[in-house]
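In case you want the letters, here they are:
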Amino acid sequence: MDDLDRRLVAALRADAREPAASLARRLGVTRGTVTQRIERLQNSGVILGFTARVRDETVGDVRAVSFIEIEGRATAQVIEGLRGLPQIVSLHTTNGAWDLVADIRATSLSEFDAVLGRIRSVDGVLNSETSLLLSSLLL
């Protein structure tokens with residue numbers, strides 16, 4: 001990815017519905033260049049898709065971030081154990097005191113409580129710390 005690709009991706013993150021002609025004017029290139037770049041970024045797997053962003057409070061979801069500590073070399077086993085939980089929308093390895101970070105979405109506090117219990121019961125999970133996300137700030 002070059003500088004133009006990065007600027008294009010940033011513009012699409014802000015508004016993926018912005019017309020190619022408008023993006024071209026803003027980026028100082030032709031409309032054909034924009035459409036060609038978007039197609040190339042999609043084909044190469046940089047752009048995975050386009051989605052609607054909704055304000056979390058309007059859909060009623062409970063959102064949280066969970067930091068997970070894993071025992072010894074059980075990372076693959078723990079990831080496999082967490083993979084089937086539909087409330088975990090993304091899972092990331094990290095450095096520092098925690099081994100994994102899970103982005104959790106549940107439809108209710110009782111569902112959220114149940115998923116925390118399931119995370120803690122996975123073999124190889126030593127400890128976890130979870131923070132509810134109270135409000136989201138648009139950047």
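Fair warning: this is a prediction, and the values are worked out from it, not measured in the lab.

**Points about helix H6 (residues 109-121)**
Part 1 of the argument: Taking 1.5 Å per residue, 13 residues should reach 18 Å; H6 reaches 18 Å between its end C-alpha atoms and fits that length.
Part 2 of the argument: By the burial criterion, the buried members of H6 are Phe112, Val115, Leu116 and Ile119. Projection of H6 onto a plane perpendicular to its axis shows the buried side chains occupying an angular sector of 105 degrees, all on one side. Turned more than 90 degrees away from the buried face of H6 sit Ser110, Asp113 and Ser121, all of them exposed.
Part 3 of the argument: Looking at the buried side of H6, the elements it contacts are strand S1 (62-70), helix H5 (75-83), strand S2 (88-93), strand S3 (100-106) and strand S4 (125-132).

**Structural notes on the confidence of the model for the protein**
Atom-level detail of predicted coordinates should not be read off regions where pLDDT is low.
Part 1 of the argument: Model confidence for the protein is summarised by a mean pLDDT of 90, while 92% of its residues fall at 70 or above.
Part 2 of the argument: Mean pLDDT values over the elements of the protein span from 53, in helix H4 (residues 56-59), up to 96, in S4.

The rules behind each value
Residues numbered from 1 in each chain as written. Predicted model: local features only at pLDDT ≥ 70, side-chain atom pairs only at ≥ 80, totals over all residues. Heavy atoms only, no water. Helix = DSSP H or I, 4+ residues; strand = E, 2+ residues; numbered from the N terminus. Expected span 1.5 Å × (residues − 1). Buried < 20%, exposed > 50% of the residue type's maximum accessible area, 1.4 Å probe, protein only. Arc of directions from axis to C-beta. Contact = heavy atoms within 4.5 Å. pLDDT = per-residue confidence, 0-100.

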